[in-house]
Amino acid sequence: MNFDAYARTAIDLVNAGLDDLAGLRALFSGDQAYMRDQVAEKDLTVFRRAQRRLREVFEHGTAGQDADAVRELNGLLEAYPVQPRISGHDAGDWHMHVTSRGSSASAEYLAGAVWGLAVWLCEYGSARFGICADERCGNVYLDTSSNNCRRFCSERCATRSHVAAHRARKRAATTTSLTPA
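Residues numbered from 1 in each chain as written. Predicted model: local features only at pLDDT ≥ 70, side-chain atom pairs only at ≥ 80, totals over all residues. Heavy atoms only, no water.

1. Examining the packing of helix α1 (residues 3-15) against helix α5 (residues 105-124)
Where α1 meets α5, the axes come as close as 7 Å, and the angle between the chain directions of the two elements is 115 degrees. Comparing their axes, α5 and α1 come out roughly perpendicular. The crossing of α1 and α5 is left-handed. Facing α1, whose interface residues are Phe-3, Asp-4, Tyr-6, Ala-7, Thr-9, Ala-10, Asp-12 and Leu-13, α5 presents Tyr-109, Leu-110, Gly-112, Ala-113, Trp-115, Gly-116, Leu-117, Val-119 and Trp-120. Looking at the contact of α1 with α5 residue by residue, the classes come out as 12 nonpolar, three polar and two charged. (Axes fitted to C-alpha atoms, helices over the stretch in contact; angles between N-to-C directions. Helix = DSSP H or I, 4+ residues; strand = E, 2+ residues; numbered from the N terminus. Parallel < 35°, antiparallel > 145°, perpendicular 65-115°, else oblique. Left-handed = near helix turned anticlockwise from the far one by under 90°. Contact = heavy atoms within 4.5 Å. Nonpolar A, V, L, I, M, F, W, Y, C, P; charged D, E, K, R; others polar.)

Here you go:
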C-alpha cells in the first residue's frame, strides 16, 4: 500500500474548499474519481468535520505538541476505522481498499486519509506536519525536505512571500532615506 498517497489525501482534504457539493466532488481524482458521483449533500458535513479535525493535527504538529497530534489522530482512527480488503476485477488488478465492501465514499476516503497520516506521523513525527508560512495561504503540507526546513506549501507561496518581503524592505529603506534627520 502506498501510505504516502493516503497521507496526501488528508492534505488534499484539509486544503480543499468545501463550500458546496461541487467543491467536495473536486476532491476526488485519480484512483478515487469513482467516488465523485457517490457523494451527496449530506457528506459535506462529515467531510467538513474531518477537515477541521485534521487541521488540528497539523496545528498540534507545527506547535511541537506531538502528544496532542497523536491523541487527535487516535480519535480520528476510531471515528474512521480501517478495515482492509483486497479488491479487483481480474487476477492482474488486485489492490487494497481500506474499508469493507459497501462502505460510503466518505468512510473510504476518510479512513485512508487518517490511516495515511497516522502512518506518516509514526514514520517521521508530527514535526513534519506543516502549515504554510505565507500568511495569505494557510494550506497544510508534509515536509519531505532532508533537514525538516520547509516553510511553505508550494514554490508559488515561497516566491510570493519572498517577493513581498523584498518589496517591504525596499519601501522601508526608501522611507528611511527620505526621512529628515
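Let us keep going from here.
2. Side note on a nonpolar patch on the surface
On the surface, Ile-86, Trp-94 and Met-96 cluster together into a nonpolar patch covering about 340 Å² of accessible area. Considering the arrangement of structural elements, one finds Ile-86 in strand β1 (residues 85-87). Judged by its relative accessible area of 59%, Ile-86 falls in the exposed class. (Patch = residues over 30% accessible without salt bridge, like charges linked within 9 Å, V, L, I, M, F, W, Y side chains within 5 Å. Areas by Shrake-Rupley, 256 points an atom, 1.4 Å probe, with all protein chains shown as cover. Salt bridge = Lys/Arg side-chain N within 4 Å of Asp/Glu carboxyl O. Buried < 20%, exposed > 50% of the residue type's maximum accessible area, 1.4 Å probe, protein only.)

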